[in-house]
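# Residue-level structure breakdown
What follows is the residue order along each chain.
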Amino acid sequence: MHEQLYREALRYLGMAGAAPDAVAPLRIEEAFAHLARVVRPKCVQVRLRVAPAGDAVALPDACAAFHSADLARHLAGCDKAVLFAATLGMGVEQALAQLRGRDIARALVMDACATARIEQYCDQIAYSIARAAAEKGRYATPRFSVGYGDWPLAEQADVLRLTDATRRAGIYLTAGGLMLPQKSATAIIGLAQERQARSFAGCGGVCGACNMRAHCAFRAGAKGGETKA
């Protein structure tokens with residue numbers, strides 16, 4: 001089991017910085033082993049021109065726009081971006097549903113492990129995008145997702161539409177605005193000709209752009225800088 005994944009699972013369980021009991025490592029290892037059998041990761045991407053200005057980011061190729069001042073600041077200096085949607089697949093959803101019906105404690109552990117796994121997957125995607133950009137002499141921003149800062153959750157539907165994620169990756173949006181499978185994520189990564197100075201500090205995450213940064217339990221418990229939002 002990857003050490004970073006283990007630490008992230010503890011964090012999502014609210015146990016970061018605390019000494020876990022003797023059972024926790026075994027439960028987490030068991031959950032990751034179970035996940036390895038059911039995870040079917042999939043990612044779909046689309047590359048778009050972007051024109052950030054003021055409180056919006058115009059998308060000329062799609063005749064659309066995202067309405068967020070925080071996102072516009074994040075993409076300042078970028079002329080293109082990669083929009084992606086990623087999922088661990090319905091197998092995880094089904095495994096969690098089965099566990100919740102017979103062992104809620106194990107279900108909670110697996111849920112935390114699955115959250116850590118989708119975050120790791122998104123980090124791998126972001127790294128791949130940044131590496132491809134660097135090979136062409138361009139720079140990539142950190143990933144920024146719907147719900148970060150003032151980017152409204154209502155625009156999640158636009159992200160799924162632009163990436164064609166429902167058809168290509170099986171990611172649906174419920175009437176309440178939740179993605180199914182739940183262990184799915186979307187994000188945008190800006191591409192620029194020159195490295196941009198970011199207004200947030202720390203490891204390159206987006207805590208500085210998040211409206212919940214003053215109340216975030218994950219960030220409060222982090223050591224050595226800001227966590228990723």
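Residues numbered from 1 in each chain as written. Predicted model: local features only at pLDDT ≥ 70, side-chain atom pairs only at ≥ 80, totals over all residues. Heavy atoms only, no water.

### A few points about the side chain of E93
We apply this condition: A run of DSSP states H or I qualifies as a helix once it reaches four residues; a run of E qualifies as a strand once it reaches two. Both are numbered from the N-terminal end. Three labels apply to residues, based on accessible area from a 1.4 Å probe with only protein chains included: buried if under 20% of the type maximum, exposed if over 50%, partly exposed otherwise in between. All tallies of charge rest on Lys and Arg as positive and Asp and Glu as negative; His and the ends of each chain are not included. Salt-bridge detection follows one rule: a side-chain nitrogen of Lys or Arg within 4 Å of a carboxyl oxygen of Asp or Glu. Throughout, a residue-residue contact means that at least one pair of heavy atoms, one from each residue, lies within 4.5 Å.
Structurally, E93 can be placed in helix α4 (residues 90-100). We note that E93 is buried and unpaired, the nearest opposite charge coming from R100 at a distance of 5.5 Å. Once you skip the residues sitting within four places of it in the chain, E93 turns out to touch L180, P181, Q182 and K183.

### Description of the pattern of salt bridges
Counted by the stated rule, this structure contains 13 salt bridges. The partner of R49 in a salt bridge is D61, with the nearest N and O atoms 2.8 Å apart. Of the two residues, R49 is situated in strand β1 (residues 42-49) and D61 in the loop between β3 (56-59) and β4 (64-66); the sequence distance between them amounts to 12 residues. On the basis of relative accessible area, R49 is assigned to the partly exposed category, the value being 41%. Here the salt bridges share partners, and the residues they tie into one network are E30, D103 and R106.

### Things to note about the sheet that holds β4
The strands making up a sheet are joined through hydrogen bonds of the backbone, oriented either antiparallel or parallel. Where we set the bar: Strands were regarded as paired on the criterion that DSSP finds at least two bridges between them. Here, axes are lines fitted to C-alpha atoms. For helices the fit covers the stretch in contact, and angles between N-to-C directions go from 0 to 180 degrees.
Reading across the sheet, the three strands line up as β2-β3-β4 and stay open at both edges, with antiparallel pairing between neighbours. Pairing within the sheet leaves two strands with one partner each, and these edge strands are β2 (51-53) and β4. In this sheet, adjacent strand axes meet at a mean angle of 25 degrees when their direction is disregarded. Sheet analysis places β3 next to β4, joined by three bridges and oriented antiparallel. If you follow A58 over to β4, its bridge partner there is A65.

### Here's the deal with the packing of aromatic side chains
Heads up, the rule is: Aromatic contacts are taken between Phe, Tyr and Trp rings whose centres are within 6.5 Å, Trp giving its six-membered ring; a plane angle under 30 degrees counts as stacked, one over 60 as edge-to-face, and the others as tilted. Geometrically, a charge over a ring is one whose NZ (Lys) or CZ (Arg) sits within 6 Å of the ring centre while staying within 35 degrees of the ring normal.
One pass over the full model with this rule turns up three aromatic pairs. An aromatic cluster is present here, built from F66, F144, Y148 and W151 joined pairwise through their rings. Directly above the ring of Y12 sits R11, whose terminal nitrogen or CZ lies 4.8 Å from the centroid.

### Comments concerning the packing of helix α1 (residues 3-12) against helix α5 (residues 104-135)
Packed helices, taken two at a time, are described by the angle between their axes plus the distance between the axes. This is how the line gets drawn: Every angle not falling under 35 degrees, over 145, or within 65 to 115 is termed oblique; those three ranges are roughly parallel, roughly antiparallel and roughly perpendicular. Helix crossings get a hand from a simple test, with the near helix turned counterclockwise from the far one by less than a right angle marking a left-handed crossing and a clockwise turn marking a right-handed one. Three categories are distinguished: nonpolar for Ala, Val, Leu, Ile, Met, Phe, Trp, Tyr, Cys and Pro, charged for Asp, Glu, Lys and Arg, and polar for the others, with Gly belonging to the last.
It is the contact of α1 with α5, at a shortest axis distance of 8 Å, that shows an interaxial angle of 125 degrees. Taken as axis vectors, α1 and α5 run oblique relative to one another. Crossing of α1 against α5: the hand is right-handed. Residue-level inspection shows L5, E8, A9 and Y12 of α1 in contact with α5, the latter providing A112, C113, T115, A116, R117, E119 and Q120. For the contact of α1 with α5, the residue count by class is six nonpolar, two polar and three charged.

### Observations concerning the nonpolar core
This is how the line gets drawn: Residues enter a nonpolar core if they are buried and are Ala, Val, Leu, Ile, Met, Phe, Trp, Tyr or Cys, with the set joined through side-chain atoms within 4.5 Å.
I28, F32, L35, F84, V92 and C113 are the most contacted members of the largest nonpolar core, which totals 35 residues. Residue assignment for this core shows that the elements contributing at least two residues are α1, α2 (23-38), β5 (78-87), α4, α5 and β9 (184-192). For this core, the leading source of residues is α5, giving 13 residues. Among the nonpolar cores identified, the runner-up in size contains 20 residues, and L48, L59, L71 and F144 belong to it.

### Concerning the packing of α1 against α2
Contact pair α1 / α2: the axes reach a minimum separation of 11 Å and the direction vectors enclose 110 degrees. As judged from the angle between their axes, α1 and α2 are roughly perpendicular. Between α1 and α2 lies a crossing of right-handed hand. Here L5, Y6, A9 and L10 of α1 lie close against α2, whose contacting residues are P25, I28 and F32. For the contact of α1 with α2, the per-class residue count stands at seven nonpolar, no polar and no charged.

### Some remarks on unusual backbone geometry
Looking along the chain, the bond that leaves L180 and enters P181 is cis, with omega of -5 degrees. Within the secondary structure, P181 is located in the loop between β8 (179-180) and β9. Unlike most non-glycine residues, C63 shows phi in positive territory, near 50 degrees. Position of C63 among the secondary structure elements: in the loop between β3 and β4. According to the relative accessible area criterion, C63 is exposed, its value standing at 75%. A positive phi angle is found at D164, which is not glycine, with a value near 55 degrees.

Coordinates in, geometry out; function isn't part of it.
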